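# Chain and residue survey
One-letter residues, chain by chain:
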Amino acid sequence: MEYRVLAVGDVVGTPGLERVRRSLRYLKRRTRADFVVVNGENASAVGITPNQALDILDAGADVITLGNHSFSKREIVDFMDENSRILRPANYAPQVPGRGVGVYETSAGPLAVINLQGRVDMDYTPDNPFTTIQKLLKDLDTKLIFIDFHAEATSEKLAMGYFLDGRITALWGTHTHVPTADAQVLPKGTGYVTDLGMTGPRHSVLGIRADLSINRFLGGLPERYRWADGPTKLEAVLFTVDTQTGLCIKTERVDLTDEDSAHR
């Protein structure tokens, strides 16, 4: 039996949230996705609030993953402990709130989602994600395992993909907000893409107004980042898997922009 999992790139600010509300259910129908994972750690530009998390879930997401801004909005802490459908990186210290692994009952049987964070060129250095995932996989009794690897370095993401090839169903990268053109099935059957991209302002620097980012690179006085106005996009990858083997059959980009006539 085939099963389809849709992974949606980092939601940025109010424009990204509006795009998810407007387009996620349509994209789910169009791709015949059975399960949806959305990275929401930038819903407030930096961090996510409980109301924003509920908006993403109400829009059609089954699980929300996070990253290095997991706790930037402190009001999310209790929500993380109470709601199993939001995950923070599993390689954070064990005493921090929330969980990094979720196992969900689906029509294809139990399905695991794991959130990991990379260590190369990141502001915060969690435990080693490679040794962490080794330990986690020993305790998982499910064929369907999907990982959001929130990391900066393409080399770290690729290394993790090949490290886990044949042992998990699929791995996708988040964090850089720039979609990569390498959606593929690795040699041993794991679906992979280096970065999903983002959901939010199309004409922007990673979702933020271009002039604010340019000013920073020119050495100007620091300003509070604000998201850009104008048209938006939703960038995502669809993973089609074989539920018997737990491995991936196909990966494909299924991005949406405001030029899509059904969603202007």
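Not measured: the values here are computed from a predicted model. (Residues numbered from 1 in each chain as written. Predicted model: local features only at pLDDT ≥ 70, side-chain atom pairs only at ≥ 80, totals over all residues. Heavy atoms only, no water.)

## Description of the layout of surface pockets
Rule in force here: Using a grid of 1 Å spacing that covers the protein atoms alone, one calls a set of points a cavity when a 1.4 Å probe fits there but cannot get out, and a pocket when the set is open and has protein on both sides within 12 Å along at least five of seven lines; lining residues are those with an atom within 4 Å of a point. Grid points are joined across faces, edges and corners, and a volume is the space filled by probe spheres set on the points. Three classes are used: nonpolar for Ala, Val, Leu, Ile, Met, Phe, Trp, Tyr, Cys and Pro, charged for Asp, Glu, Lys and Arg, and polar for all others, with Gly counted as polar.
Space inside the largest pocket adds up to approximately 690 Å³. Classifying every residue of the lining of the largest pocket by side-chain character gives nine nonpolar, seven polar and five charged.

## A few points about the sheet that holds strand 11 (residues 191–193)
Just so we agree on the cut-off: Here, strands pair whenever DSSP counts at least two bridges between them. Helix and strand definitions follow DSSP, with helices as H or I runs of at least four residues and strands as E runs of at least two, each counted in order from the N terminus. In this description, contact between two residues means that some pair of their heavy atoms is separated by no more than 4.5 Å. Comment: axis = line fitted to C-alpha atoms, over the contacting stretch for helices; angle = value between 0 and 180 degrees taken between N-to-C directions.
Spatially, the six strands line up as an open sheet ordered 6-7-8-9-11-10, and their pairing is mixed. Two strands in the sheet have a free side with no partner beyond their single neighbour: strand 6 (101–106) and strand 10 (184–185). Bridging between strand 8 (residues 144–150) and strand 9 (residues 170–174) involves five bridges; their strand directions are parallel. Among the inter-strand pairings, histidine 150 is bridged to a residue of strand 9, identified as threonine 174. Relative to the sheet, helix 4 (residues 129–138) contacts strand 6, strand 7 (109–117) and strand 8, its axis offset from that of strand 7 by approximately 160°. In this fold helix 5 (residues 154–164) packs onto strand 7, strand 8, strand 9, strand 10 and strand 11, with an angle of close to 170° to the strand it touches most, strand 9.

## Remarks on the pattern of salt bridges
A pair can form between side chains of opposite charge whenever their charged atoms are brought close. Which entries qualify depends on this criterion: One speaks of a salt bridge when a side-chain nitrogen belonging to Lys or Arg is within 4 Å of a carboxyl oxygen belonging to Asp or Glu. Think of it in three bands: with a 1.4 Å probe and only protein chains considered, a residue is buried below 20% of the maximum accessible area for its type, exposed above 50%, and partly exposed in between.
As enumerated under the stated definition, the model contains eight salt bridges in all. Across the salt bridge formed by aspartate 55 and arginine 21, the nearest N and O atoms sit 3.0 Å from each other. Of this pair, aspartate 55 sits in helix 2 (residues 50–58) while arginine 21 sits in helix 1 (residues 13–31), placing them 34 residues apart in sequence. The exposure class assigned to aspartate 55 is partly exposed, which follows from its relative accessible area of 29%. Among the salt bridges present, the one from glutamate 235 reaches lysine 233, with a minimum N-O distance of 3.3 Å. By relative accessible area, which is 8% here, glutamate 235 ends up buried.

## Quick look at the pairing of strand 3 (residues 35–39)
Within strand 3, five of the five residues are buried, which leaves it mostly tucked inside the rest of the structure. Residues Phe35, Val37 and Asn39 of strand 3 are buried on one face, and the alternating residues Val36 and Val38, pointing to the opposite face, are buried as well. Bridge count between strand 1 (residues 2–8) and strand 3: four bridges; the pairing is parallel. Each residue of the ladder has a partner; that of alanine 7, found in strand 3, is valine 37. Bridge count between strand 3 and strand 4 (residues 63–65): three bridges; the pairing is parallel.

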